[in-house]
Amino acid sequence: MSSLTEKDRPIVQLLWNTGTCPRCIFRFCCVGSQTPYKRPYKDLMKELKEFLKNNPEKEDAVCFEVADPPCKRIRLENTEERPDDLNQNGVLKPIPLVNEENTALESSAVKVCNVCLGILQEFCEVDFVKKVCQKVKSADYQFTSFVFSVSLPPQLSVRERAAWLLVKQETGKLGLSLAKDDIVQLKEAYKWIIHPQLSEELGVPADGKSLFEVSVVFAHPETDEECHFLATACPDCFKPAKNKQSVFTRMAVVKALEKIKEEDFCKHFPCPPSSPKNFCVALEIQCNNGAVFVAGRYNKYSRNLPQTPWIIDGERKLESSVEELISEHLMAEFKADSFNFSSSGREDVDVRTLGNGRPFAIELVNPRRIHFTAEEMKRLQQTINNSSDKIQVRDLQLVTREAIGHMKEGEEEKTKTYSALVWTDKAIQKEDVAFLDDLKELKLDQKTPLRVLHRRPLAVRHRIIHTMKSEYIDEHHFRLHLKTQAGTYIKEFVHGDFGRTKPNIGSLLNRTADILELDVESVDVDWPPTLDN
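Residues numbered from 1 in each chain as written. Predicted model: local features only at pLDDT ≥ 70, side-chain atom pairs only at ≥ 80, totals over all residues. Heavy atoms only, no water.

1. Re the packing of aromatic side chains
Step number 1: With the rule as written, the count across this model stands at 16 aromatic pairs.
Step number 2: Ring geometry for Tyr141 and Phe212: centres 5.2 Å apart, planes at 50 degrees, overall tilted. On the criterion of sequence distance, the pair formed by Tyr141 in the loop between helix H6 (126-138) and strand S2 (147-151) and Phe212 in strand S4 (residues 212-219) is long-range, its members being 71 residues apart.
Step number 3: Plain terms: the ring middles of Phe341 and Phe360 are 6.1 Å apart, the flat faces sit at 10 degrees to each other, and that makes the pair stacked. Taken together, the positions of Phe341 in strand S9 (residues 338-343) and Phe360 in strand S10 (residues 352-365) put the pair 19 residues apart, joining distant regions of the chain.
Step number 4: Take Phe360: its relative accessible area is 0%, and that puts it in the buried class.
Step number 5: Taking the ring centre of Phe51 as reference, the NZ or CZ of Arg9 above it sits at 4.8 Å.
Step number 6: The ring of Phe372 has Arg369 lying over it, and the distance from NZ or CZ to the ring centre is 3.9 Å. (Phe/Tyr/Trp six-rings, centres within 6.5 Å; stacked < 30°, edge-to-face > 60°. Helix = DSSP H or I, 4+ residues; strand = E, 2+ residues; numbered from the N terminus. Buried < 20%, exposed > 50% of the residue type's maximum accessible area, 1.4 Å probe, protein only. Lys NZ or Arg CZ within 6 Å of the ring centre and 35° of its normal.)

2. A word on unusual backbone geometry
Step number 1: The peptide bond linking Cys271 to Pro272 adopts the cis configuration, its omega dihedral lying at 10 degrees.
Step number 2: Topologically, Pro272 is positioned in the loop between helix H11 (262-268) and strand S5 (281-289).
Step number 3: Between Lys502 and Pro503 the backbone carries a cis peptide bond, its omega angle lying at -15 degrees.
Step number 4: When you line up the elements, Pro503 lands in the loop between strand S16 (501-502) and helix H17 (505-509).
Step number 5: A positive phi angle, close to 60 degrees, is found at Cys30, a residue other than glycine.
Step number 6: Relative to the helices and strands, Cys30 is located in the loop between helix H2 (22-28) and helix H3 (35-38).
Step number 7: On the basis of relative accessible area, Cys30 is assigned to the buried category, the value being 0%.
Step number 8: A positive phi angle, close to 65 degrees, is found at Asp140, a residue other than glycine.

3. Things to note about a nonpolar patch on the surface
Step number 1: A contiguous nonpolar surface patch, about 470 Å² in accessible area, is contributed by Leu450, Leu453, Leu458 and Phe498.
Step number 2: For Phe498, the location among the structural elements is in the loop between helix H16 (490-495) and S16.
Step number 3: Owing to a relative accessible area of 78%, Phe498 belongs among the exposed residues under this scheme. (Patch = residues over 30% accessible without salt bridge, like charges linked within 9 Å, V, L, I, M, F, W, Y side chains within 5 Å. Areas by Shrake-Rupley, 256 points an atom, 1.4 Å probe, with all protein chains shown as cover. Salt bridge = Lys/Arg side-chain N within 4 Å of Asp/Glu carboxyl O.)

4. Regarding the sheet that holds S5
Step number 1: The strand order across the open sheet built from three strands is S2-S4-S5, with neighbouring strands paired in mixed fashion. Of all the strands in the sheet, just S2 and S5 have a single pairing partner and so form its edges. In this sheet, adjacent strand axes meet at a mean angle of 20 degrees when their direction is disregarded.
Step number 2: Of the strands in this sheet, S4 and S5 are in contact with H6, which crosses S4 at around 130 degrees. (Pairing = 2+ DSSP bridges. Axes fitted to C-alpha atoms, helices over the stretch in contact; angles between N-to-C directions. Contact = heavy atoms within 4.5 Å.)

5. Here we look at helix H13 (residues 374-387)
Step number 1: When the terminal C-alpha atoms of H13 are compared, their 20 Å separation across 14 residues agrees well with the 20 Å that a helix rising 1.5 Å per residue should span.
Step number 2: Listed as buried for H13 are Met377, Leu380, Gln381, Ile384 and Asn385. The arc that holds every buried residue of H13, seen down its axis, measures 140 degrees, which confines them to one face.
Step number 3: In the core, the buried residues of H13 are packed alongside strand S6 (292-300), helix H12 (322-334) and strand S11 (391-399). (Expected span 1.5 Å × (residues − 1). Arc of directions from axis to C-beta.)

See the structure below:
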């Protein structure tokens, strides 16, 4: 229903007299229209008092009239069995007020709501909205819309259950049935009130799909005290967690409320819920922007640079990495909290990556700045390239989270091209290595290399060397150009890794072979798109 009518009078009187705020009364009267909730709190108090003072014999006397259509309504059941509960107009008889002087009406105006603990009272006011917006503006985020989230004290679920049981019991006597799902959710009502105010103050619309989140965490000092009986009744619902200060989390409380019987609940918790001693407090007001993704390709020209920070037993082995040389500039420009680096494969610290480079992507977490033009990205790329002679990046661009999947798609089926400088213990002539050029689609069985066994599971991987081309240098050296299946361990294919890779160059040449230098010449992944740099 879109407004209060005489049919709501019994619930209104009952809740009002027990210390419930006007907006929570709307919720329990199943008022699904947003408009009444948005009215100033003082006006609601005044008009609700007038509603209760009105002649209850007036048929369907309406207050808070609005144009919105109804979305929720109490179900009237078996009214024909209880004719004494209705007046001559078919309207429910009123439940008497506490006294003729309306003492309860006057005193409840200054009390904390016994259901919402003040969430739908002072935290809907202009001063609080301005406090939230001040926090947002001082955080200096770029955003064009926002989504608002709220975390409520767990005992609100307990108090709402108590109020519902009270109303259900009272209306049941009068032939009404109120299902718990009929009640407007507190979070829903709060957002109806707060969204327009935030939107006006911030100058952008509220959008449930927005990547910019404004969140408020409410807390209450009496949470543990009010929820303690649930831990006794349903101990299996409350498990200590390392990252939680209290076992009384919202999910645990909701789970316990689903299990506890109504009669047991009423034995341990007052119905109606008692008047609280304190309002809720806004514990945290936080902002968070959805991640931004940047992709490109990098070349690595140093043989003393790892792809990611090289740290063993807490000790850094080398001063920098490809990841850090790229990300430090992105972090500074996007003003992000942190980042996650990924790439299409990786090279060893002593391996160069040449040609068109290796595709990479960086997730920038909670960036303050999110809008960059193509020209600005081009300048950022140049800044990275000017900062070091160890790496270069190209095709730097903003991409979507979904697009990053292209980098990993079919990774095992992709091909990579390498150039290896090979040494042999026995002297060789050009014709000794020429036969390698004729080997096509050579199948390998590679056990996990000893050098990576500490971080990779022991397994036998089947890989393919598609083509090879040898380039004779002298009696103990030749260069080998290979096109292989992605994921092939090239170093082990050359020296054999103590027989863990079969066949290998050593076994094919019938002599000991080792690799002196290795370069990645191409990574055949058609992503990210090539830019005109």
